[in-house]
Amino acid sequence: APSLGIIISDSGFEILNPEYKSCPQFYSVIDAKNNDFKPLSSTSLNALSENYNKGDKTLVICNAKGFAFKSFCSVCGWVGKCDKCGINLRLYNEDGVYYYKCPLCLKRKNYESKCPSCKADMLKTGGHGTQKIVQFISEVLPPEASILRVDSDIIKKSVKGEDELYKKLIIGNYNVLVGTSILLSPPLYSKPFKTVILAGLNPNTCYHEFDESEKAFQKILSAMSLAETTGTVIVETLEPENTLFSYKMDYDKFLLDEIETRKFFCYPPFCSL
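Residues numbered from 1 in each chain as written. Predicted model: local features only at pLDDT ≥ 70, side-chain atom pairs only at ≥ 80, totals over all residues. Heavy atoms only, no water.

## Observations concerning the overall build of the protein chain
Next, step 1: Helices and strands together make up the secondary structure of the protein chain, namely seven helices and 13 strands.
Next, step 2: Taken across its 273 residues, the protein chain has 42% of its residues classed as buried.
Next, step 3: Within the protein chain, contacts between residues at least 6 apart in sequence are counted, and of these 69% link residues at least 24 apart. (Helix = DSSP H or I, 4+ residues; strand = E, 2+ residues; numbered from the N terminus. Buried < 20%, exposed > 50% of the residue type's maximum accessible area, 1.4 Å probe, protein only. Contact = heavy atoms within 4.5 Å.)

Take a look at the structure:
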């Protein structure tokens, strides 16, 4: 996908305006706050069902692997955090067994359904990882539907079966493909998808660097490049009012505004890191 492509030289900087292949001109932005805490909206579910019935393929991209970003108690406010790193523990589900794992030190911790602090049976989860989305989709589509999940954990575990995994990806031996951003790579697929769903694309909370808008915009362009020209791209976000989505596919306008923003805040290339 195209990126801002700034080349810094002694005489200043040059902006590269890359070309990208023909793809759908617009995408739908769904306010995920109306999803009633479900991983996907009714719009996305309808597209999944319609594609399955017609034999078309769907790609679903979410922010993280695992089951949920965090666990918390709705009674006392307890949040599961790593004792060593102090960050939220990620919840995983392997064959029906839940456990916590720190995304930094990778230390595992047993999961308990009751709050460790107040013992209330009111633990909730926040965020939707690849495991939760696969579970949710499997409850909506018929049992015979083939759902393939691919993320960094899956790839690491399939060292011996790596050829088989890539064969499934390239041949397209699935109805729905679910994974993280590592799947936003056109060379992996022989045919484009009828629908590409970006679940949980929240630029202000997903990225915390000066190029956060560019990363999110690049993600959208990558999704567009993987969709059929007659297909659809659905962006589910908690930030539907974010100005990023107002650009649609106007890359040139986004680029010019991004440069002005960087100049105003003295971001690269207008400063030295």
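What follows continues from the structure just given.
## Examining unusual backbone geometry
Next, step 1: Non-glycine residue K119 carries a positive phi angle of around 65 degrees.
Next, step 2: With respect to the helices and strands, the residue K119 is situated in the loop between strand 8 (108–110) and strand 9 (123–126).
Next, step 3: The phi dihedral of C266 is positive, around 60 degrees, even though this residue is not glycine.
Next, step 4: Mapping C266 onto the fold places it in the segment after helix 7 (251–265).

## Concerning the pattern of salt bridges
Next, step 1: In total, this model carries eight salt bridges according to the counting rule given.
Next, step 2: Of the charged contacts, one joins K54 and E50 as a salt bridge, the two residues approaching to 3.0 Å between their closest N and O atoms. You can see K54 and its partner E50 sitting in helix 1 (residues 42–54), four residues apart, about one turn around the helix.
Next, step 3: On the basis of relative accessibility, which here comes to 57%, the residue K54 falls in the exposed class.
Next, step 4: By relative accessible area, E50 is classed as partly exposed at 42%.
Next, step 5: A salt bridge links E214 to R262; its shortest N-O distance comes to 2.8 Å. Placement of the pair is E214 in helix 6 (residues 212–226) and R262 in helix 7, with a sequence separation of 48 residues.
Next, step 6: Three or more residues are tied together by salt bridges with common partners; here these are E214, E258 and R262. (Salt bridge = Lys/Arg side-chain N within 4 Å of Asp/Glu carboxyl O.)

## Focus on the packing of aromatic side chains
Next, step 1: Inspection of every chain in the model, using the stated rule, returns ten aromatic pairs.
Next, step 2: Here Y100 and Y111 contribute two aromatic rings whose centre-to-centre distance is 5.5 Å and whose plane-to-plane angle is 65 degrees, an arrangement assigned as edge-to-face. Placement of Y100 in strand 7 (residues 97–101) and of Y111 in the loop between strand 8 and strand 9 is noted, with a sequence separation of eleven residues between them.
Next, step 3: Considering the side-chain rings of Y247 and F254, the 5.5 Å spacing of their centres and the 85 degrees angle between planes classify their relative orientation as edge-to-face.
Next, step 4: Given the relative accessible area of 3%, F254 is considered buried.
Next, step 5: An aromatic cluster of three or more residues is present, and its members are F67, Y98, Y100 and Y111.
Next, step 6: The ring of Y92 has K101 lying over it, and the distance from NZ or CZ to the ring centre is 4.8 Å. (Phe/Tyr/Trp six-rings, centres within 6.5 Å; stacked < 30°, edge-to-face > 60°. Lys NZ or Arg CZ within 6 Å of the ring centre and 35° of its normal.)

## What about the sheet that holds strand 7?
Next, step 1: Across the sheet, which stays open at both edges, the three strands sit in the order 6-7-8 with antiparallel pairing between neighbours. Each edge of the open sheet carries a strand with a single partner, namely strand 6 (90–94) and strand 8. The mean inter-strand angle of the sheet, taken between neighbouring strand axes irrespective of direction, is 40 degrees.
Next, step 2: Bridging between strand 7 and strand 8 involves three bridges; their strand directions are antiparallel. Across the sheet, residue Y99 finds its bridge partner in strand 8, namely N110.
Next, step 3: Packing of helix 2 (residues 130–140) onto the sheet brings it into contact with strand 6 and strand 7, and relative to strand 6 it is tilted by some 50 degrees. (Pairing = 2+ DSSP bridges. Axes fitted to C-alpha atoms, helices over the stretch in contact; angles between N-to-C directions.)

## Side note on the side chain of T237
Next, step 1: Looking at where T237 falls in the secondary structure, it is placed in strand 13 (residues 227–237).
Next, step 2: T237 gets classed as buried once you look at its relative accessible area, which sits at 0%.
Next, step 3: Reaching out from T237, the side chain makes a polar contact with the backbone oxygen of L201 at a distance of 2.8 Å.
Next, step 4: Ignoring sequence-local partners within four residues, the contact set of T237 consists of V29, I30, D31, A32, K33, L201, N202 and F245. (Polar contact = N/O pair within 3.5 Å; in protein donor to acceptor, adjacent residues only side chain to side chain.)

## Thoughts on the pairing of strand 13
Next, step 1: Direction of pairing for strand 3 (residues 28–31) relative to strand 13: parallel, over a ladder of four bridges. Pairing of D31 across the sheet is with T237, part of strand 13.
Next, step 2: For strand 12 (residues 193–199) and strand 13, the ladder comprises six bridges, and the chain directions are parallel. From the neighbouring strand, I197 faces strand 13, where its bridge partner is I234.

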